[in-house]
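Structural characterization, general
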Amino acid sequence: AAYFGIPYFYERVLNPLESNTTRVSELIDTQKADTKRLEEEITALQTRVADLEVRAENIEQSIASHSTTLAKLEEMQVALQANLDLQKSDILAQIDEQLNLTRSLELLARSRLYLSQSNFGLAQADISEARSLLYSMLPGISSDQSDGLKVVISRLDLALGNLPQYPVVAVYDVDIAWKLLVDGLPN
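What comes next is a walk through the structure. Within each chain, residue numbers correspond to sequence positions counted from 1 in written order. At least 70 in pLDDT is required for a residue's local features to be given in this predicted model, at least 80 for side-chain atom pairs to be given and counted, and no such filter applies to totals for whole chains, interfaces and linings, which use all residues. Where side-chain values are given, they derive from all heavy atoms of the structure, hydrogens and water being excluded.

Before going further, it helps to examine the nonpolar core. Within this scheme, the nonpolar core is defined by two criteria: the residues are buried Ala, Val, Leu, Ile, Met, Phe, Trp, Tyr or Cys, and they are joined through side-chain atoms within 4.5 Å. Summary of the burial criterion: residues with accessible area below 20% of their type's maximum are buried, those above 50% are exposed, and those between are partly exposed, where the area comes from a 1.4 Å probe applied to protein chains only. Residues Leu108, Ile127, Leu134, Leu149, Leu156 and Leu181 are the most contacted members of the largest nonpolar core, which totals 26 residues. For helices the rule is a DSSP run of H or I covering at least 4 residues; for strands it is a run of E covering at least 2, with both sets numbered from the N terminus onward. Only helix H1 (2–116), helix H2 (120–137), helix H3 (143–162) and helix H4 (167–182) provide two or more residues apiece to this core. Ignoring anything within four residues of it in the chain, the contact list for Leu134 reads Leu101, Ser104, Leu149, Val152, Ile153, Leu156 and Leu181. By definition, residues are in contact when any of their heavy atoms lie within 4.5 Å.

This is the structure:
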């Protein structure tokens, strides 16, 4: 029994037990290596997470900074647009004023030509149109120039009153009004 029993016991119990012990040792070593590797990976991931958190905070600060800058730029743009609109309207008003003055001067120059040709009807029409243009400018012009413009309008009224009976007197009034406009509106 011992002759057959010990090898059988050795073969059936001790060899598998020894084999299992070796495999368990290998598994323990593998598990230790895997655990060590996982711990290193976890440490590396934690480091990366910390770095990413720092970068995220920096990015958030940068975004906040850019948002503030964009808000300020938008405010500046609105202010500049309002200022530009105001300047545009001022420039357009000045251009309109100059165009009306230039047109009035041209009408008066043409009426002077008509008066020299004794065409009193066309001269009267041009003088009347120039007077209307100048009168429409009164509300939008400065008070200093408004007084000068009133003098020019009164001269044109005198010229219109003297046409067609007294064309010579009307010519002088038209010439004075034309001269006042050419020299610029008197203050």
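With that out of the way, let us pick up the side chain of Asp173. Tracing the sequence through the fold places Asp173 in helix H4. The residues contacting Asp173, other than those within four sequence positions of it, are Arg155, Leu158, Ala159 and Asn162.

What follows concerns the pattern of salt bridges. One side-chain nitrogen of Lys or Arg within 4 Å of one carboxyl oxygen of Asp or Glu is enough to make a salt bridge. Throughout the structure, instances matching the rule amount to 8 salt bridges. The shortest N-O distance in the salt bridge between Arg37 and Glu41 comes to 3.1 Å. Here the residue Arg37 and the residue Glu41 both occupy positions in helix H1, the gap between them amounting to 4 residues, near one helical turn.

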